[in-house]
Amino acid sequence: MPEVYGDNMVGLLSQGPGVLFVYWELSGIQWEVAAGLGGTVLLRLYKVNEGEGPDYDYILTREVAPLPHTNNWYFRHLEPGTLYSAEIGCRLPDGDIFTLVKSETVFTPLPPKHDFMPKAKTAGPEYGAVRPEPDFDANAGGTPERGFKLAEIIMSMPFYMGYDTELAD
């Protein structure tokens, strides 16, 4: 597969409730246009709000100047359940932005909802209000500083369940 196709495109993918992945390709001609305009190539992320009728409000939320030959970027710590759009553009010497390509809009998903929350254990008499001193067994691979038994750790790991710890010695 070729590394580049000579197309001008930008894609936007939702990676989770607060993360978007942007990837792009600019043809050689587009890079020449950007260089000829004398500006800096920018990646801009917009929050898109639905307005009255068919109109949308685009609010600039992030702007980065990726290093040359970069072709993707992650935007993190975004607002879940929100519509976003990205564009690749060029900041002209006078400060104006010349848009080269623009993405479709994408929603960041809402965080998953749970019907239940696990109950936290409290340090009461049933759990022992005072934490007991850890056992130390030099034959099982423990150390006084760490205070653990290797056999207990191995048996607590699901992928070692049923492993004969006697054979480990």
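Look above for the structure.
Quantities reported herein were computed from a predicted structural model and do not represent experimental measurements.

### What about the overall build of the protein chain?
- Counting its secondary structure elements, the protein chain contains two helices and eight strands.
- Taken from N to C terminus, the helices and strands of the protein chain fall in the order β-β-α-β-β-β-β-β-β-α.
- Per-residue burial for the protein chain yields a buried fraction of 27% across its 169 residues.
- Restricting to contacts in the protein chain with at least 6 residues of sequence separation, those with at least 24 account for 52%.
- Surface accessibility of the protein chain: about 12300 Å² in total, with carbon and sulfur atoms responsible for 55%.

### Details of the sheet that holds strand 1 (residues 9–16)
- The strand order 1-2-5 describes an open sheet built from three strands, whose pairing is antiparallel. Every other strand in the sheet has two partners, leaving strand 1 and strand 5 (72–75) as the edge strands with one partner each. Taken over all neighbouring pairs, the strand axes of this sheet differ in orientation by 20° on average, direction set aside.
- Relative to strand 2 (residues 19–25), strand 1 runs antiparallel, the two being bridged by seven bridges. Paired with V10 across the strands is W24, a residue of strand 2.

### Comments concerning the pattern of salt bridges
- Scanning all chains against the criterion turns up four salt bridges.
- A salt bridge links E87 to R44; the shortest N-O distance between them is 3.6 Å. Here E87 is found in strand 6 (residues 83–91), whereas its partner R44 is found in strand 3 (residues 40–50), with 43 residues between them in sequence. Pair check on accessibility: E87 and R44 agree, each one buried.
- It is possible to trace a salt-bridge network through shared partners that takes in R44, E63, E87 and R91.

### Section: the pairing of strand 6
- With respect to burial, strand 6 is a largely interior element, eight of its nine residues being buried.
- Inspection of the sheet shows strand 3 paired to strand 6 by nine bridges, in the antiparallel sense. Pairing of R44 across the sheet is with E87, part of strand 6.
- Taken together, the two bridges between strand 6 and strand 8 (residues 106–107) define a ladder with antiparallel strand orientation. Along strand 8, the bridge assignment pairs L83 with F107.
- For strand 6 and strand 7 (residues 97–102), the ladder comprises five bridges, and the chain directions are antiparallel. By the bridge assignment for strand 7, R91 is matched with I97.
- Hairpin connection between strand 6 and strand 7: a loop of five residues separates the two successive antiparallel strands, and G95 in this loop has a positive phi of roughly 100°.

Quick notes on the rules
- All residue numbers refer to position in the chain's written sequence, counted from 1.
- For a predicted model such as this one, the threshold for reporting local features is a pLDDT of at least 70, and the threshold for listing and counting side-chain atom pairs is 80 or more; totals across whole chains, interfaces and linings nevertheless cover every residue.
- The basis for every side-chain value is the complete set of heavy atoms in the structure, and neither hydrogens nor water enter the calculation.
- Only DSSP runs of H or I with at least four residues qualify as helices, and only runs of E with at least two residues qualify as strands; both kinds are numbered from the N terminus onward.
- Only protein chains enter the accessibility calculation, which uses a 1.4 Å probe; a residue is then buried when its area is under 20% of its type maximum, exposed when over 50%, and partly exposed in between.
- Pairs of residues are marked as contacts when any of their non-hydrogen atoms sit within 4.5 Å.
- Computed by Shrake-Rupley with a 1.4 Å probe, the accessible areas treat only the displayed protein chains as cover when residues are assessed.
- At least two bridges found by DSSP between two strands are what make those strands a pair.
- Helix axes are fitted only over the stretch in contact, all axes being lines through C-alpha atoms; the angle between N-to-C directions runs from 0 to 180 degrees.
- Criterion for a salt bridge: a side-chain nitrogen of Lys or Arg within 4 Å of a carboxyl oxygen of Asp or Glu.

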